[in-house]
Amino acid sequence: MKYLNEKDSNKAFNGQNSKGAIAGLGLLAIAAITLFPFDFFFTETLAETWADGAWGEMLSDFFSPSFVKKELIANVLLFVPLGFGLGQLIPQRSLAGFRLAVAVSFAVTFGVESLQEFLPTRHSSYIDLITNTLGGALGYGAWWQFSAPLTRSQQILAQGLRHISSRGLTRQLCVLALGAYCGWALLGSAALHSQLRTRSSPWGLSTWDATYPLLLKNEGTGDRAWEGNIDNVQFYSRSLPLDEVARLFAQPNSALSDNAASSQLAQSQLAHYRLSGRLSGRLSGSAPYVDLSGHLPNLAWKDSPSGRYLQSVSAPASLVKAVKESQAFTLSFSFATNNNTQSGPARMFSLSIDPYHRNLTVGQAGRHLSLRLRTPITTNNGHRPEFLISNVFSMEPSTASGAAPRVHQFVMTYDASGLSAYVDTLANQYRFDFTPEAAFLWQRSPPMASSIHLSASATPFYKALYRSLFAIPLGLLLAIATPPQLTQSRRYIFITIGILLPCVLLEIALASVPSAYAYGLVTVAAAMIAWLSGLRLREA
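All values derive from a computational prediction rather than experimental measurement.

(A) Structural detail: the packing of aromatic side chains. By the definition in use, this model includes 23 aromatic pairs. Seen from their ring centres, Phe235 and Phe329 are 5.4 Å apart, and the 20° between their planes marks the pair as stacked. Taken together, the residues span a long stretch of sequence, with Phe235 in strand 2 (residues 228-236) and Phe329 in strand 6 (residues 329-337) at a distance of 94 residues. Judged by relative accessible area, which is 0%, Phe329 ranks as buried. Between Phe432 and Tyr462, the ring centres sit 5.7 Å apart and the planes meet at 90°, which makes this aromatic pair edge-to-face.

(B) Quick peek at the environment of Phe461. Along the chain, Phe461 falls in helix 13 (residues 458-481). A relative accessible area of 22% means that Phe461 is categorised as partly exposed. With 24 residues separating them along the chain, Phe461 and Glu437 place their C-alpha atoms 9.5 Å apart.

(C) The arrangement of the packing of helix 12 (residues 436-443) against helix 13 in detail. Two elements in contact, helix 12 and helix 13, have axes separated by 8 Å at closest approach and are oriented at 70°. The pairing of helix 12 with helix 13 is recorded here as roughly perpendicular in orientation. Handedness of the crossing formed by helix 12 with helix 13: left-handed. In contact with Glu437, Ala438, Phe440, Leu441 and Trp442 of helix 12, helix 13 contributes Tyr462, Lys463, Leu465, Tyr466, Arg467 and Leu469.

(D) How the structure looks around the sheet that holds strand 8 (residues 357-365). Spatially, 4-5-1-7-8-9-10-14 is the arrangement adopted by the eight strands of the open sheet, whose pairing is mixed. In the strand order of this sheet, the two ends are held by strand 4 (299-302) and strand 14 (451-453), each with one partner. Pairs of neighbouring strands in the sheet enclose a mean axial angle of 25°, with direction left out of account. Both strand 8 and strand 9 (residues 368-373) contribute to a ladder of six bridges, which runs antiparallel.

(E) Highlighting the pattern of salt bridges. Scanning all chains against the criterion turns up 10 salt bridges. For Glu219, the salt bridge goes to Arg347, with nearest N and O atoms at 2.8 Å. Placement of Glu219 in the loop between strand 1 (214-216) and strand 2 and of Arg347 in strand 7 (residues 346-354) is noted, with a sequence separation of 128 residues between them. Pair check on accessibility: Glu219 and Arg347 agree, each one buried. Glu437 is paired through a salt bridge with Lys463; the nearest N and O atoms lie 3.9 Å apart. Taken together, the residues span a long stretch of sequence, with Glu437 in helix 12 and Lys463 in helix 13 at a distance of 26 residues. No difference in accessibility class separates Glu437 from Lys463, as the two residues are buried. Because the salt bridges share partners, they merge into one network encompassing Glu437, Lys463, Arg467 and Glu507.

Thresholds applied
Residues numbered from 1 in each chain as written. Predicted model: local features only at pLDDT ≥ 70, side-chain atom pairs only at ≥ 80, totals over all residues. Heavy atoms only, no water. Phe/Tyr/Trp six-rings, centres within 6.5 Å; stacked < 30°, edge-to-face > 60°. Helix = DSSP H or I, 4+ residues; strand = E, 2+ residues; numbered from the N terminus. Buried < 20%, exposed > 50% of the residue type's maximum accessible area, 1.4 Å probe, protein only. Axes fitted to C-alpha atoms, helices over the stretch in contact; angles between N-to-C directions. Parallel < 35°, antiparallel > 145°, perpendicular 65-115°, else oblique. Left-handed = near helix turned anticlockwise from the far one by under 90°. Contact = heavy atoms within 4.5 Å. Pairing = 2+ DSSP bridges. Salt bridge = Lys/Arg side-chain N within 4 Å of Asp/Glu carboxyl O.

In short, the description is geometric, and any link to function would need to be established separately.
This is the structure:
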C-alpha cells in the first residue's frame, strides 16, 4: 500500500490528490438535503401514473410551481459548492470550462428533480432547475476568482497533516482523540439503545394529551373533511400479536363484549364503535353512537361547511391514560373512500384538537394512507416523520360511475419495538422498527425531511446510514494517527485495532442480533474508504 510509505518531504504540492473533494462533498450535501430520507416510490408512482395517464398532470405541476423567496435563495446556495468544486476538476479557466460546469450542474439538478417525483413529500419544478443551475454557475465563477488563495490553503492543510503525522507526540494525541471519539460514539449508541426500552423513549407515547376528542371523518376545526365511510372502529391498550390481528381480519364485525368477554383480547379492548354496518352507503343510524366496550364516551354528529363528521361528546381520557401506561396500542377499522385524490391529509380517524396538535391521526394523502402520531421525536403535530403506506387508494373505483366504493380493513399496532400496519390481509404488512439508528437520525434530520415510506428497505437504510456516519470520522482520525512507516505485520494489527475492533464494539453497543451483524461490514467498508482517503490527502 503505497500510501503507508513517507514521500519525499520536498515534493511540491500540486493539489492533484485532493481534486474533486469539494465537488464530492457538494454532491453529498445536495443528496442529503434534497432526497432524504431516500424512500422512493418508484414502482408505486410509475404504476399510478401509467394507469391514470397522468403524464400531462405531472408536467403541469412541474411548470406551475408555488415557491417562497427563501427557497429560491437556498436553491442557489445549495449548488455553489458543487460549482466551486467543478472548478478544481476543469483543467483551465475558460468559457468552455464555464459551459461545462453549467452543463454538469444542470444534469445534477435534473437528476434530483426527476428523483423527487418519486418522493411523496417533495415537489419538482422548473424554478428549482433554474436556481440550482445558477448556483452551480456562481460557484464556478467563485472558483475562477479565488482559485489562487484556495490552492495556497490546500498546501497549508496538507503540510499541516504531514507535520502532524511526522511527530510522535502529536500522533499520540491523535490516538487519544481517536479513543475519545470511539468511546463517546459507543457509549452514546448504548445509551440510546437503552433509552428506547424506557418511558422516555424518543418513540414513546408519554406525551399524549388526555383532553383531545376522538373524531371521525374530519378535524375538530371542520377543515380536514374526508369523503368516505368508516365502521367497526376498535382500539386496544396493547400491541396485538399476529394471531389476534388475524382474528380481527376474520371477524371484523364481531363485538367482543357479546361473545368473548373473558378473552385477553376483550380485556384489553378500550373502544368498539359500530357505525353503519355497510360501507357501500353513507353512514347511517341514529347518533349518538355508543361504545360497545363501555369505556369511552358516545360519538355525536357535528356540522361544518365541508360536511358532517363525528366527535366524542367528551375527551376519551381513559383511552389516553391506558395508552400512556402501556406505551402501546392497536387500532382497527374498516373504510371506503369516495375520492382517491383527497389530501391534507383528509382525516379518517383522529385524536386531536386542531390540525396542528394531535395524539394520533389516520388519514388519506392522495393515493397514500397517512399515519401521524405524537411522540418526543414527532412533537405535537406528529408529522416529522409522518408514516406513509403507498397506493392504498390507487385502484379505487369511481363513485361517479355508480360503482360501489372498495372496502378496506386496516389494523395498526404500536409498541416500543416498532410500528406495524396491515391492509386487507396479514400478507400486506408494513413495518418500521424503532431502532437506535432511526431515532438518532430523525432527531437530527434536515427540516425538509418529513416522511417514512413503510417498506422493507426503510429499516436497513437507517442502519447503514448510521454506521457510515460513525465510520467516516473514525477512518479520518485513524489516517492522521497512522505512523509514516509500517511493516506488513504491524499494518494488519493497526487496521484490526483501529477499525475492526470499534466496528465490533458498535454492534455490541447497538445490541444487534446476529442476523444484523452484516451491517458491520458497512461500517468496516466506510471506515476503510475514509482511512485511505485521509492517507491520500496527508501524503499529497
